[in-house]
Amino acid sequence: MKAWFAQHRAAMGSALRRLWATPLNTLLSLLVIAIALTLPAFGYVLLDNLRDMGGDPSGTQQMSLFMEVDASRKDVGEIESRLRQAASGKWRFVSKEEALKRLKSSEDMAEIVDSLPRNPLPDAFVVELTRTDPEALEVLRKEIAGWPKVAHVQLDSAWIKRLDAFLKLARLALWMLAGIFGAGLVAVTFNTIRLQVMAQAAEIELARIIGATDAFIRRPFYYFGALQGGLGGLVAAGLVFGGMALLAAPVADLAALYGTQYALRAPGAGEVIALAGMGALLGWLGAQLSVSLSLRKFD
Amino acid sequence: MIVASQLSKRYPGGYEALKDVSFEIPAGGLVFITGHSGAGKTTLIKLMASIERPTAGSLVVNGQNLSALRRSALPYVRRHLGLIFQDQKLLFDRSALDNVLLPLQIAGLPRREAVRRAQAALDKVGLLAREKAMPIALSGGEQQRLAIARAVVNRPAVLIADEPTGNLDEASAAEIMTLFADFNRVGVTVVIATHDRHWVEAGQPQVLQLDHGRLV
């Protein structure tokens with residue numbers, strides 16, 4: 001057990017020394033890996049932020065419930081109690097009188113409203129929904145539309161649906177991008193390790209003859225691939241943070257034009273670790289493929 | 001102890017390097033394998049070192065039948081053999097000490113213990129003062145002694161050398177042979193392949209003479 005740990009420590013040490021021994025090569029490889037990881041990672045962060053915006057509760061998931069014009073107070077009370085039961089969020093009752101008063105207060109409308117023989121507006125509820133997924137909202141809308149004396153239920157969900165569809169598409173595109181760049185990372189590691197195996201042919205051949213196991217010979221390369229990939233992941237995280245810092249001011253300006261405040265949410269520690277872990281895993285995979293192929297000629 | 005019975009090695013393409021070779025080397029023996037070049041000396045050495053496998057017959061080294069071993073068992077057999085090559089196979093990117101350390105790293109020895117033993121092996125071949133030197137800075141004789149230090153650092157029961165004096169001048173070659181005799185005196189079985197009759201005639205060792213793959 002002790003020997004096993006010592007051998008792993010030695011393999012890791014040798015991998016670090018190899019990374020350190022050729023700083024320029026290492027730097028270039030890290031950059032290539034980092035760039036390959038940065039694009040999907042940055043896309044992920046942006047999508048994540050877009051989804052946050054979609055889930056923003058300020059007035060986006062509103063449902064307007066219009067009663068029949070001849071609905072009585074009692075009918076309104078019934079709907080109120082049903083809404084309470086459904087517990088689907090906060091709601092506000094807008095009586096027909098209130099609605100008319102509001103309409104009157106807007107410019108140009110006062111005269112028209114005054115000329116009406118009677119109030120044409122219905123009682124209404126404005127419901128702010130807690131749920132956001134379009135399918136569930138549609139189910140809720142249909143249910144409420146079936147309640148007594150409800151004339152019309154309008155779900156302001158078209159754009160949520162569109163955003164959702166866009167996010168789905170973007171997520172798919174992101175996965176494809178990640179797949180392609182992930183393969184690129186594996187290829188880069190594959191090539192680096194292949195060159196290393198060639199450069200160390202003498203050592204590998206000798207080690208075999210004097211009793212090294214396959215695991216002993218492969219181990220430093222695995223560590224090298226994983227370390228290189230993991231470090232590349234960290235550099236990629238740095239690039240993502242840098243990109244977000246550059247985007248912060250324009251995003252704030254854009255939000256200000258829409259009269260809101262918005263700040264991009266930066267990736268957390270868990271996401272950085274996941275990125276480094278992904279890099280390490282892909283690097284290890286590249287090393288594994290490369291060593292398996294390159295070592296065949298020593299048999 | 002090394003026992004070969006009806007050992008044959010045929011290379012892909014049909015060339016038969018060894019034909020029906022049988023012999024027995026007792027534990028603690030000193031044996032020379034001689035013959036013209038192409039007689040099969042190196043092939044026999046490679047079979048004994050488990051670098052290559054016989055195509056027929058059996059070869060038992062240290063109680064292990066090499067022709068019947070699984071591939072995954074070979075590394076552990078090789079660790080109990082000390083191998084010395086004509087071209088030394090030193091690693092030129094590391095110091096003399098690190099060259100000798102390699103077999104111990106492979107065996108998984110703790111660093112401190114490994115360094116102690118590597119220094120002892122270097123001392124035995126008279127190179128302790130040069131432990132930090134790179135192999136390229138060593139003379140031919142010193143390089144061969146370094147290779148011997150690497151071969152004996154694992155304290156093998158069998159030392160196998162292929163033309164260890166091939167590229168050396170007389171004085172250096174004598175030093176090397178003295179070292180082999182020393183190891184043999186403390187009980188190590190020593191097998192040396194050489195075309196140089198000079199060393200064979202000097203003592204009374206067992207001699208395996210090969211001629212076109214056959215023992216004569």
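Residues numbered from 1 in each chain as written. Chains lettered and ligands numbered in written order. Predicted model: local features only at pLDDT ≥ 70, side-chain atom pairs only at ≥ 80, totals over all residues. Heavy atoms only, no water.

A. Representation of the overall build of chain A in the model. A tally of regular secondary structure across chain A gives 10 helices and 4 strands. Secondary structure of chain A in N-to-C order comes out as α-α-β-α-β-α-α-β-α-β-α-α-α-α. In summary, chain A has a C-alpha radius of gyration of 31 Å against a globular reference of 19 Å for 299 residues, an excess of more than 25%. In terms of overall dimensions, chain A has a C-alpha envelope of 105 × 40 × 30 Å along the principal axes. Within chain A, buried positions represent 39% of all 299 residues. A separation of at least 24 residues holds for 83% of the contacts in chain A among residues at least 6 apart in sequence. Summed over all atoms, the accessible surface of chain A reaches about 17200 Å², with 66% contributed by carbon and sulfur. (Helix = DSSP H or I, 4+ residues; strand = E, 2+ residues; numbered from the N terminus. Rg over C-alpha atoms; globule rule 2.2 N^0.38 Å. Buried < 20%, exposed > 50% of the residue type's maximum accessible area, 1.4 Å probe, protein only. Contact = heavy atoms within 4.5 Å. Areas by Shrake-Rupley, 256 points an atom, 1.4 Å probe, with all protein chains shown as cover.)

B. Expanded view of helix H5 (residues 140-152) of chain B. Taking 1.5 Å of rise per residue, 13 residues should cover 18 Å, and H5(B) covers 19 Å from first to last C-alpha, within 8% of that figure. With 12 of 13 residues buried, H5(B) lies mostly within the body of the structure. Among the residues making up H5(B), those that are buried are Gly141(B), Glu142(B), Gln143(B), Gln144(B), Arg145(B), Leu146(B), Ala147(B), Ile148(B), Ala149(B), Arg150(B), Ala151(B) and Val152(B). The inward-facing, buried residues of H5(B) abut helix H8 (201-209) of chain A together with strand E6 (81-84), helix H3 (96-107), helix H4 (111-124), strand E7 (158-162) and helix H6 (170-185) of chain B. (Expected span 1.5 Å × (residues − 1).)

C. Region of the structure containing the domain arrangement of chain A. Domain assignment breaks chain A into domain 1 (2-56 + 161-298) and domain 2 (62-155). Put simply, the middle of domain 1 of chain A and the middle of domain 2 of chain A, counted by C-alpha atoms, are 53 Å apart. (Domains from an automatic or database assignment.)

D. Region of interest: the sheet that holds E7(B). Residue and element names in this part refer to chain B. With mixed pairing, the 6 strands of this open sheet are ordered in space as E6-E7-E8-E3-E9-E10. The open sheet has two edge strands, E6 and strand E10 (214-215), and neither has a second partner. Against the sheet, H5 touches E6 and E7, its axis set at about 165° to E6. (Pairing = 2+ DSSP bridges. Axes fitted to C-alpha atoms, helices over the stretch in contact; angles between N-to-C directions.)

E. Spotlight on helix H1 (residues 2-21) of chain A. Residues and elements named next belong to chain A. With 20 residues, H1 extends 28 Å from end C-alpha to end C-alpha; this agrees with the ideal 28 Å at 1.5 Å per step. Along H1, the residues that are buried comprise Gln-7, His-8, Ala-11, Ser-14, Ala-15, Arg-18 and Leu-19. Each buried residue of H1 sits inside an arc of 140° when the element is viewed along its axis, so together they form one side. Every exposed residue of H1 that faces more than 90 degrees away from the buried side is listed here: Lys-2, Phe-5, Arg-9, Arg-17, Trp-20 and Ala-21. (Arc of directions from axis to C-beta.)

F. Quick peek at the pairing of strand E4 (residues 56-61) of chain B. All names here are of chain B. Pairing analysis gives 5 bridges linking strand E1 (residues 2-10) to E4, with the strands arranged antiparallel. Across the sheet, Ser-8 pairs through a bridge with Ala-56, a residue of E4. In terms of strand pairing, E4 meets strand E5 (residues 64-65) through 2 bridges, oriented antiparallel. Across the sheet, Val-60 pairs through a bridge with Asn-65, a residue of E5. Here E4 folds back onto E5 in antiparallel fashion, the turn holding 2 residues, of which Asn-62 has a positive phi close to 55°.

G. Quick peek at the packing of aromatic side chains. What the rule picks out here adds up to 2 aromatic pairs over all chains. Pairing Phe93(A) with Phe125(A) gives two aromatic rings, centres 5.1 Å apart and planes at 50°, and the pair type is tilted. With Phe93(A) in strand E2 (residues 89-94) and Phe125(A) in strand E3 (residues 124-129), the pair connects residues that are 32 residues apart, well separated along the chain. Sitting over the face of the ring of Phe221(A), Arg18(A) holds its NZ or CZ atom 4.9 Å from the ring centroid. The ring of Phe85(B) has Lys89(B) sitting right over it, with the charged end atom 5.3 Å from the ring centre. (Phe/Tyr/Trp six-rings, centres within 6.5 Å; stacked < 30°, edge-to-face > 60°. Lys NZ or Arg CZ within 6 Å of the ring centre and 35° of its normal.)

H. Focus on the packing of H3(B) against H4(B). All names here are of chain B. For the pair H3 and H4, the least separation of the axes is 9 Å and the interaxial angle reads 125°. Here H4 runs oblique to H3, going by the angle between their axes. The two elements H3 and H4 cross, and the hand of that crossing is right-handed. On the side of H3, the interface is formed by Leu-97, Asp-98, Val-100, Leu-101, Leu-104 and Gln-105, while H4 contributes Arg-111, Ala-114, Val-115, Arg-117, Ala-118, Gln-119, Ala-121 and Leu-122. Within the contact of H3 with H4, the residues separate by chemical class into 9 nonpolar, 2 polar and 3 charged. (Parallel < 35°, antiparallel > 145°, perpendicular 65-115°, else oblique. Left-handed = near helix turned anticlockwise from the far one by under 90°. Nonpolar A, V, L, I, M, F, W, Y, C, P; charged D, E, K, R; others polar.)

I. Fine view of the packing of H3(B) against H5(B). All names here are of chain B. For the pair H3 and H5, interaxial distance at closest approach is 7 Å and the crossing angle is 30°. Comparing their axes, H5 and H3 come out roughly parallel. Pair H3 / H5 crosses with right-handed handedness. Contact residues: Ala-96, Asn-99, Val-100 and Pro-103 in H3; Leu-146, Ala-149 and Arg-150 in H5.

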